[in-house]
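Chain and residue survey
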Amino acid sequence: MNRTTRRRLIAAAMTVVAVATGTTACSSGSGSTSTDGADRGTYTIWDPYPQFDKSSAWAKLLDDCGTTAGVKIKRTAFDTSDLTNKALLAAQQDNSADVLIVDNPVVSTLAEAGVLTTTDDNKLDTSKADPNLLAAGQAGGKTYGTPIGANTLALYYNKEVLKEAGVDIVSVKDWTSLTAALTKIEKAGKKGITFSAIGTEEGSFQFLPWFWGSGAQLTDIASGEAVSALSLWKGWLDKGYAPNSVINNTQTTSWQEFASGDYAFAENGTWQLAGAEKIGFDYGVIPVPAASGGNAAAPTGGEFVTVPVQGDTGRYATTQKLVSCLTSTENLLATDTTLSYVAPTAEVQDKQVATNAKLKPWVDAVKAAKGRTSDDLGTKYPKISEQLWKAVQSALSGSASPKDALSSAQSAVK
C-alpha cells in the first residue's frame with residue numbers, strides 16, 4: 001500500500017470516528033535522535049489504561065520489557081474512545097506509536113485504514129491464543145495483533161433469593177428452564193433478572209449472548225432465531241420477570257440493581273468481580289445459556305496488542321520483542337489478574353483457575369465467546385449494532401413487535 005492510498009484510507013476512517021475536540025499533534029518523545037529526527041533508543045506505547053499511573057505494576061511491566069529489549073519506553077494512556085482518534089491522526093502524520101493497545105472492535109477499523117501491520121509482517125507468534133479470541137483481530141484472512149486478555153458476560157445469581165424461591169441453579173440449562181426459574185421466583189414475591197438494554201453499544205453487547213444463543217447471525221438480524229431472542233426479553237418484561245428500567249439501564253446501573261440484593265439474576269461482566277466480593281450476599285456465576293442448552297456465545301471485550309505501520313521498518317524487530325514480552329505466559333498472568341481479564345491462552349487460564357476457582361465459569365464463558373467483528377464483519381459491525389440496539393429499544397418499549405422491529409433494522413442495515 002503506497003503512502004497516498006494509506007492516507008486516503010485513514011482520512012476516510014476519521015470521517016466515521018468522531019475526532020475529539022482539542023486534538024493535538026503527537027510527538028514521539030525525547031532522547032538521542034538520528035539525523036531524520038527519529039528517536040532510536042525510545043519506543044512509544046499507547047494504551048487505554050489511564051487508571052494505572054507510572055507507579056503501577058502495569059507501567060513497571062512496560063519498563064521492564066523495554067529494559068529486556070534494550071530500549072526505553074515512553075508510555076501514554078488515553079481513554080478508550082479517544083485512543084482511536086489519536087491513533088488515526090498519528091498515522092495520518094506518519095507518527096504512529098510503536099505499540100498500540102486498543103479495544104478489540106477497533107482493530108478492524110485501524111486495519112482497514114492501513115494503520116496496522118499484520119502478524120506476517122511483524123512476526124508475532126499468535127499460536128497459543130484461543131482462536132475465538134484471536135478472530136476479533138482478523139480481517140480478510142489476515143491477523144493484526146494478539147489479544148492481551150478478554151472479558152465477557154455471564155449470569156450472576158443471588159443464592160439466597162434462589163433458595164427462598166426453591167430454585168436449584170443446576171436446573172438452569174437453557175431458555176425454558178431459566179424462564180421456569182424466573183416464574184418460580186416471581187411467584188415467591190422476589191425479583192427476577194436485570195440487564196442493560198440501553199440504546200447504545202452496551203445494549204447490543206448485552207443482547208448478543210441471547211441473539212447468538214438463539215442461533216442467529218449478525219448478517220441477518222431479522223431471522224426467526226433473532227426474533228425468538230428479542231421475544232424472550234420482551235416476554236420477561238411483560239410478565240414482570242425483568243424491570244422496565246432495563247430499557248435505560250447501563251451495565252453499571254443494572255449491577256446496582258443486582259447489588260441491592262433484590263434480584264435473583266443479573267447479566268454482567270468480569271469487571272464486576274471485585275464489586276461482587278463486597279455486595280454482602282452469597283453469589284454464584286453461570287454462563288449465559290443458549291436457547292436449547294449449552295453455553296451461548298457472549299461478545300468479547302478486552303484489548304489487542306498491535307503494531308502500527310512505521311516508515312522505519314527496522315523498528316519492527318525490537319517492537320516484536322516488546323509485544324512478545326508483554327504477552328508472555330508469565331506476564332499475562334499478572335496483567336490479566338490486574339485487569340480482571342480472562343487470559344487469551346489455555347495455559348494461563350488454567351493457572352488463573354488454579355489460583356482462584358471462582359474464575360472457572362468465566363473461563364468457560366470466554367471459551368464460548370465471540371468477537372463482535374468476527375465472521376469477517378469488520379467495520380460493518382458498528383452499523384449493524386446500532387440498528388440492533390434500536391430494534392431492542394423499539395420492542396421493549398412496545399412501539400413495535402420484535403419481528404417488526406428487527407425487520408426494520410435489517411432494512412436499515414441494507
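What this report covers is the structure whose coordinates are included nearby. Nothing here was measured: the structure is a model prediction, and the numbers come from that model.

With 17 residues, helix H17 (residues 381–397) should reach 24 Å at 1.5 Å per residue; the first-to-last C-alpha distance of 24 Å fits that figure. Of all the residues in H17, the buried ones are Tyr381, Ile384, Ser385, Gln387, Leu388, Trp389, Ala391, Val392, Ala395 and Leu396. Buried residues along H17 sit against helix H9 (201–213), helix H10 (224–238) and helix H18 (402–413). Phi for Gly398, located one or two positions after H17, is positive at around 90°.

At a closest axis distance of 8 Å, the pairing of H9 and H10 adopts a crossing angle of 120°. When the axis of H9 is compared with that of H10, the two are oblique. Between H9 and H10 lies a crossing of right-handed hand. Contacts between H9 and H10 involve Gln206, Phe207, Trp210 and Phe211 from the first element and Ala226, Ala229, Leu230, Leu232, Trp233 and Trp236 from the second. Grouping the amino acids of the contact of H9 with H10 by side-chain chemistry returns nine nonpolar, one polar and no charged.

All right, on to the sheet that holds strand E8 (residues 191–194) then. Here four strands make up an open sheet; going across it, the order is E8-E9-E7-E10 and the pairing mixed. Both edges of this open sheet fall to E8 and strand E10 (283–286), since each of them pairs with a single strand only. Taking the axes of each pair of neighbouring strands and ignoring which way they run, one obtains an average angle of 20° across the sheet. Bridging between strand E7 (residues 153–158) and E10 involves four bridges; their strand directions are antiparallel. Residue pairing for E10: Asn158 is matched across the bridge by Tyr283. Against the sheet, helix H11 (residues 251–259) touches E7, E8 and strand E9 (263–269), its axis set at about 150° to E9.

Calculation notes
Residues numbered from 1 in each chain as written. Predicted model: local features only at pLDDT ≥ 70, side-chain atom pairs only at ≥ 80, totals over all residues. Heavy atoms only, no water. Helix = DSSP H or I, 4+ residues; strand = E, 2+ residues; numbered from the N terminus. Expected span 1.5 Å × (residues − 1). Buried < 20%, exposed > 50% of the residue type's maximum accessible area, 1.4 Å probe, protein only. Contact = heavy atoms within 4.5 Å. Axes fitted to C-alpha atoms, helices over the stretch in contact; angles between N-to-C directions. Parallel < 35°, antiparallel > 145°, perpendicular 65-115°, else oblique. Left-handed = near helix turned anticlockwise from the far one by under 90°. Nonpolar A, V, L, I, M, F, W, Y, C, P; charged D, E, K, R; others polar. Pairing = 2+ DSSP bridges.

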